[in-house]
Amino acid sequence: MSRRVSVVSLRGLSKEFSRGGVVALQNIDLEIAPGEFVSLIGPSGCGKSTLLRVIGDLVEPTGGEVVVNGKSARQARLDRDYGIVFQDAVLYDWRTVAKNIALPLEMGGWNRGRRRARVGEMIELVELGGFEGHHPWQLSGGMQQRVSIARALSFDPSLLLMDEPFGALDEMTRERLNMELLRIWERARSTIVFVTHSISEAVFLSTRVVVMSARPGQITGVVEVDLPQPRNAETRGEPRFFELVTEVRERLRAGGLDTAGEGGEEELIAAEEGL
Amino acid sequence: MSTTAPLPVQPIPRGTLGRRVGRSLGDWAPAALVFLLGIAAWEGLVRGLAVERFLLPPLSDILRTLWADRSFFIDAGLFTFKEALGGFVIGSAAGMLVALVLARWRPLGRALMPYAIAANAIPIIAFAPITNNWFGLLNPASKMAIAAVLCFFPVMVNTLRGLTSVPPSSIELMRSYAAGEWEIFRRVRIPNALPYVFTALKVATVLAMIGAIVGDYFGGSQEALGIQIRRFAGIFAFEEAWAAILVASVLGIGFYAAVAIAERLALSWHPSVRGSQE
């Protein structure tokens, strides 16, 4: 794996928020190879959302280096290398499902015919046929998130950044979307960085789980997930699955599950960006 | 539709036009009934209790007076309506433009907003005699100026709120598509602001009519409705004064309704609009 060119390469990365001097990230080193599915897991305030945003050039690091596809993160963003999915679907209410999916294509200068064809493929991929003309608020939470995923994939970004995309959904919907995401990942052969606070979700989806600890946010361990591909409903029942879940849990415990200062991360990011 | 993943929601069928109208007639029936009862009560109570004419004339007398002199009342109404419309257009356009500038350059907005909020608390109508002096008593521009200033603040404040109350993740997403500031305005901030803008515009129609009519009260052309209301009330021509007030009311409601219809057309995507159609 190390011989291949990394999609993401982080060296000595740190991030200190100017407000309150909070050290969100400290000395992060991470290499992510093409086609990997890497989960970032850790207690609230461990900087996993910040790390995702630093990779996506939405937050500026205060130290260290970010290289994405051999470029600076900023250049990668300007080249539209990123597809991003947040916890909220972040759909634009004034756009229909089809037009939400088409948004990045419009901005990328795709012509109408190509846009329509691609939106059709994406609708099929996330199984939303018949809902093209609907507005986001007419859809359930799970369907909205599928639209969000379709939009992120529509322009074939080389790197998919997902920030707790299924965190607000019920368990049933979540497990179904987990399966769909794996199916999409196999078909699209993209690289995914996935933030979650669910241990079983991280183990089920990932090829690698990166365990982080809070204050300062650091990587405390990396668990290689050697479960066979493709994964399915039986995967969750395998003994190896439970071993890996236990391993991740123990590493989390070793890093301290202290969640003091919970939930401050989003606010700090928003304040920093002046949003 | 796929058979592998059962979908929790089916596409919502679009209602036929007939069904929509039928349902909306049903929705309107209670309001229409209240309207008719109100008119009947007015007429019945004023006549039954022999209410003095200077307090409130019977509606039928007012309508008869209005009909007899209809071209006069309509001309006066349109004259004042033009003052109101001119002020509405100028004030609202300026409000939206200033809001765009303040939203684009936030430090400027932060520096100016306290003053805008303070200015918004000023009873602007008090300036009517002054604008009469500035533009000339008989010049419709003096009434437009008052109406415009009255419209400006709510439109500006609401537009600014709409432009800036965008979830941070919406902006982050646009930035991840390599969008610049103006593209974010065009594709996210401005559509996000539209419901706020229309709410303000509806308020502004009312304020524009108030500005024009009260501006007339402080003096103006004999063609203006406000001048006529004041004159009729002064010479005890109560039916005429009420007829003029009725014209002003109908124009005001029509103005408001026109903006409300424009809102429905422009915001056909909005839950509040779509929800009432389904």
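Sequence positions are assigned chain by chain, starting from 1 and proceeding in written order. Note on labels: chains are lettered from A, ligands numbered from 1, in written order. Confidence filtering applies because this is a predicted model: local features only for residues at pLDDT of at least 70, side-chain atom pairs given and counted only at 80 or more, and all residues used for totals across whole chains, interfaces and linings. Excluded from the side-chain calculations are hydrogens and water; all other atoms, namely the structure's heavy atoms, are used.

(A) Representation of the overall build of chain B. When helices and strands are tallied, chain B shows 11 helices and zero strands. Helical segments are the DSSP runs of H or I of at least four residues, strand segments are the runs of E of at least two, and each set is numbered from the N terminus. For chain B, the α and β elements follow one another from N to C terminus as α-α-α-α-α-α-α-α-α-α-α. Here chain B, with 278 residues, has 42% of them falling under the buried criterion. Partitioning the contacts of chain B with sequence separation of at least 6, the portion at a separation of at least 24 is 72%. In this scheme, a residue with accessible area under 20% of its type's maximum is buried, one over 50% is exposed, and one in between is partly exposed, where area comes from a 1.4 Å probe on protein chains only. Whether two residues touch is decided by their heavy atoms; if any such pair falls within 4.5 Å, the residues are in contact.

(B) Highlighting the sheet that holds strand E10 (residues 218–224) of chain A. Residues and elements named next belong to chain A. Spatially, E6-E7-E8-E3-E9-E10 is the arrangement adopted by the six strands of the open sheet, whose pairing is mixed. Edge positions in the sheet fall to strand E6 (82–85) and E10, since each of these pairs with one other strand and no more. Recorded for the sheet is a direction-independent mean angle of 20 degrees between the axes of neighbouring strands. Two strands are said to pair when DSSP picks up at least two bridges between them. Pairing of strand E9 (residues 208–213) with E10, which is carried by six bridges, proceeds in the antiparallel orientation. Across the sheet, residue Val-210 finds its bridge partner in E10, namely Val-222. Think of each axis as a best-fit line through the C-alpha atoms, taken over the contacting stretch in the case of a helix, with angles from 0 to 180 degrees between the N-to-C directions.

(C) Highlighting helix H1 (residues 48–55) of chain A. All names here are of chain A. Of all eight residues making up H1, eight are buried, and the element is well covered by its neighbours. Here H1 has its buried residues at Lys-48, Ser-49, Thr-50, Leu-51, Leu-52, Arg-53, Val-54 and Ile-55. Positive backbone phi, approximately 60 degrees, marks Asp-57, located one or two places after H1.

(D) Focus on a nonpolar patch on the surface. All names here are of chain B. By definition, no residue in a patch forms a salt bridge, and every one has over 30% relative accessible area; like charges are joined within 9 Å, nonpolar side chains (Val, Leu, Ile, Met, Phe, Trp, Tyr) within 5 Å. All accessibility values rest on the Shrake-Rupley procedure with a 1.4 Å probe; residue burial counts only the protein chains present in the view. We define a salt bridge as a contact between a side-chain nitrogen of Lys or Arg and a carboxyl oxygen of Asp or Glu at a distance within 4 Å. A surface patch of nonpolar side chains, amounting to about 650 Å² of accessible area, comprises Val-101, Trp-105, Leu-108, Leu-112, Tyr-115 and Trp-182. Broken down by element, the nonpolar patch gets its largest block of residues, three residues, from helix H4 (residues 106–120). Mapped onto the fold, Val-101 is located in helix H3 (residues 70–104). Val-101 gets classed as partly exposed once you look at its relative accessible area, which sits at 34%.

(E) Representation of the confidence of the model for chain B. Residue and element names in this part refer to chain B. Known as pLDDT, the predictor's confidence for each residue is given on a scale from 0 to 100. Overall, the prediction assigns chain B a mean pLDDT of 86, with 89% of residues at 70 or greater. No element of chain B has a lower mean pLDDT than helix H11 (residues 271–277), which averages 57, and none a higher one than H3, which averages 94. Counted against residues more than four places away or in other chains, residues 1–13, with its pLDDT under 50, gives 26 contacts. Two summary scores accompany this predicted model of the complex, namely pTM at 0.81 and ipTM at 0.83.

(F) Layout of the pattern of salt bridges. All names here are of chain A. Inspection of the entire model under this criterion finds 24 salt bridges over all chains. The closest approach of N and O atoms between Glu-36 and Arg-208, which form a salt bridge, is 2.7 Å. Of this pair, Glu-36 sits in the loop between strand E2 (23–32) and strand E3 (37–41) while Arg-208 sits in strand E9, placing them 172 residues apart in sequence. Note on accessibility: Glu-36 and Arg-208 belong to one class, buried. One salt bridge connects Arg-95 with Glu-106, and the closest N-O pair in it is separated by 3.0 Å.

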